[in-house]
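# Results of the structural survey
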Amino acid sequence: MIGVFDSGFGGLNVLRGITTQLPQYGYIYLGDSARAPYGSRPFEEVYMFTKQGVEFLFEHGATLIVLACNTASSEALRKIQSDYEKSPNKKVLGVLIPFAESAVAQTDNKRVGVIATEGTVRSGSFVREIQKLDDKIYVVQQACPLLVPLIEAGEMKATDSLLRDYLAPLLADGIDTLILGCTHYGLLETQVRAVVGPDIAVVSERDVVPASLEVYLERHPDIEIRITKNVAPRFYSTGPLDRFEQLGSMFFRTPLHAERATLG
Ligand code: DGL
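All right, on to the overall build of the protein chain then. Within the protein chain one finds 13 helices and ten strands. Taking 264 residues into account, the globule formula puts the C-alpha radius of gyration at 18 Å, and the protein chain, at 17 Å, falls close to it. The principal-axis extents of the C-alpha atoms in the protein chain amount to approximately 50 × 40 × 35 Å. Long-range contacts, defined as pairs at least 24 residues apart, comprise 76% of the intrachain contacts of the protein chain with a sequence gap of at least 6. The averaged location of the 32 negative side-chain charges in the protein chain is 3 Å from the averaged location of its 26 positive side-chain charges.

Okay, structure coming up:
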């Protein structure tokens with residue numbers, strides 16, 4: 001199966017994109033809702049929690065794992081990939097490279113904005129990945145710590161004025177491309193587009209990750225062949241299952257049944 005890990009519900013929005021584009025595979029999703037949000041946690045915690053989540057997914061049948069969580073991809077991916085270097089049957093992918101590739105392809109004026117959690121911004125990972133592809137690109141980042149709690153509370157409308165405040169410095173900086181560098185922000189895409197206007201390209205995880213996963217599987221038939229196919233997705237959460245099912249259905253846009261996961 002393909003494992004998808006997130007700190008909570010947001011990754012279900014990404015899983016929705018992946019299952020639409022690649023419906024033939026079996027999926028196992030784990031949201032560490034009991035310990036979310038990860039966005040303001042120290043690096044060591046994000047690494048430890050993500051490692052536990054990845055272990056859980058491998059133990060439950062995943063052969064390939066996508067860290068849908070940008071904070072986990074930024075702070076824990078490299079170390080986790082090196083932890084599994086000697087295990088050819090255990091692959092872990094992040095979401096930063098597809099984002100970076102898409103932004104680099106779309107920017108004309110070479111000014112890219114990133115909105116993300118505090119942890120992702122602090123890690124500098126988007127700046128690094130983008131400038132690895134083109135070191136002439138200027139990247140301006142903005143942490144938006146108040147958005148995730150509001151989205152999780154279903155208070156989408158309340159994000160409008162915050163979004164304007166968070167995006168103002170990036171617009172003043174003349175960006176022509178904006179990365180929504182957090183699982184949850186995909187749910188605000190319409191509102192973001194209303195603030196930035198039609199001339200700014202908006203890059204969201206649900207658009208870039210499925211396409212990049214498809215390319216990865218085409219290039220790695222040895223991994224592709226081992227993935228279980230044509231089975232229903234399974235959902236696990238470390239937090240209260242009723243809340244996960246209720247909020248999760250909003251992100252996944254389909255009712256879902258979740259099972260309890262215990263980590264660590
Ligand atoms: N999943 C996180 C991310 O994409 C957002 C939620 C959190 O802070 O845990 O960065």
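Having put the structure on the table, let's press on.
Looking now at the packing of helix H5 (residues 96-106) against helix H11 (residues 205-219). It is at 9 Å that the axes of H5 and H11 come closest, and there the two elements cross at 110°. Here H5 lies roughly perpendicular to H11, going by the angle between them. Residues Pro98, Phe99 and Ser102 of H5 form the contact with H11, whose own contacting residues are Glu205, Val208 and Ser212. Considered class by class, the residues forming the contact of H5 with H11 number three nonpolar, two polar and one charged.

The full set close to the ligand counts 13 residues, and Asp6, Ser7, Tyr38, Gly39 and Thr71 are the nearest of them. A distance of 2.6 Å separates an oxygen atom of the ligand from a polar atom in the side chain of Ser7. A distance of 2.6 Å separates an oxygen atom of the ligand from a polar side-chain atom of Thr71. If the ligand stood free it would expose 300 Å²; the protein chains cover 99% of that surface. For the shell around the ligand, the residue count by class is five nonpolar, seven polar and one charged. Of the residues that make up the shell around the ligand, three or more belong to each of domain 1 (2-94 + 207-260) and domain 2 (96-205).

Within the secondary structure, Asn13 is located in helix H1 (residues 11-21). Asn13 gets classed as buried once you look at its relative accessible area, which sits at 3%. Look past the residues within four positions of Asn13 in its chain and what remains in contact with it is Thr183, Gly186, Leu187, Arg206 and Phe251.

Domain parsing of the protein chain yields domain 1 (2-94 + 207-260) and domain 2 (96-205). Distance between the C-alpha centres of domain 1 and domain 2: 22 Å. Across the boundary between the two partners, domain 1 contributes 30 residues, which contact 29 residues of domain 2. Counting the surface lost from both domain 1 and domain 2, the interface buries some 2,100 Å², and carbon and sulfur atoms represent 50% of this. On the domain 1 side of the interface with domain 2, the three residues burying the most area are Asn70, Ser74 and Val208, jointly 26% of the side's total. The tally of links from domain 1 across to domain 2 stands at two salt bridges. Measuring nitrogen to oxygen at the nearest pair gives 3.9 Å for the salt bridge that ties Glu152 to Arg243. Inspection of the domain 1/domain 2 interface yields 13 residue pairs in polar contact (both at pLDDT 80 or more).

The omega angle of the peptide bond from Ala36 to Pro37 is 0°, so this bond is cis rather than trans. Secondary-structure assignment places Pro37 in the loop between strand S2 (27-31) and helix H2 (43-59). In this structure, Lys110 is a non-glycine residue whose phi angle is positive, near 65°. You can see Lys110 is positioned in the loop between H5 and strand S5 (111-116). Judged by its relative accessible area of 34%, Lys110 falls in the partly exposed class. One non-glycine residue, Asn230, adopts positive backbone phi at about 55°. Secondary-structure assignment places Asn230 in the loop between helix H12 (221-224) and strand S9 (234-237). Asn230 sits in the exposed class, given a relative accessible area of 68%.

Moving on, we get to the packing of aromatic side chains. Overall, the coordinates contain ten aromatic pairs when judged by the stated rule. Ring centres 6.3 Å apart and planes at 40° place the aromatic pair Phe5 and Tyr38 in the tilted group. With Phe5 in strand S1 (residues 2-6) and Tyr38 in the loop between S2 and H2, this pair connects stretches of sequence that are 33 residues apart. Judged by relative accessible area, Phe5 falls into the buried class, the value being 0%. Cluster of aromatic residues (ring-pair linked, three or more members): Phe9, Tyr29, Phe235, Phe244, Phe251 and Phe252.

Quick notes on the rules
Residues numbered from 1 in each chain as written. Predicted model: local features only at pLDDT ≥ 70, side-chain atom pairs only at ≥ 80, totals over all residues. Heavy atoms only, no water. Helix = DSSP H or I, 4+ residues; strand = E, 2+ residues; numbered from the N terminus. Rg over C-alpha atoms; globule rule 2.2 N^0.38 Å. Contact = heavy atoms within 4.5 Å. Lys, Arg positive; Asp, Glu negative; His and termini not counted. Charge placed at Lys NZ, Arg CZ, Asp CG, Glu CD. Axes fitted to C-alpha atoms, helices over the stretch in contact; angles between N-to-C directions. Parallel < 35°, antiparallel > 145°, perpendicular 65-115°, else oblique. Nonpolar A, V, L, I, M, F, W, Y, C, P; charged D, E, K, R; others polar. Near = heavy atom within 4 Å. Polar contact = N/O pair within 3.5 Å; in protein donor to acceptor, adjacent residues only side chain to side chain. Areas by Shrake-Rupley, 256 points an atom, 1.4 Å probe, with all protein chains shown as cover. Domains from an automatic or database assignment. Buried < 20%, exposed > 50% of the residue type's maximum accessible area, 1.4 Å probe, protein only. Buried area = accessible area lost by both parts, 1.4 Å probe. Salt bridge = Lys/Arg side-chain N within 4 Å of Asp/Glu carboxyl O. Phe/Tyr/Trp six-rings, centres within 6.5 Å; stacked < 30°, edge-to-face > 60°.

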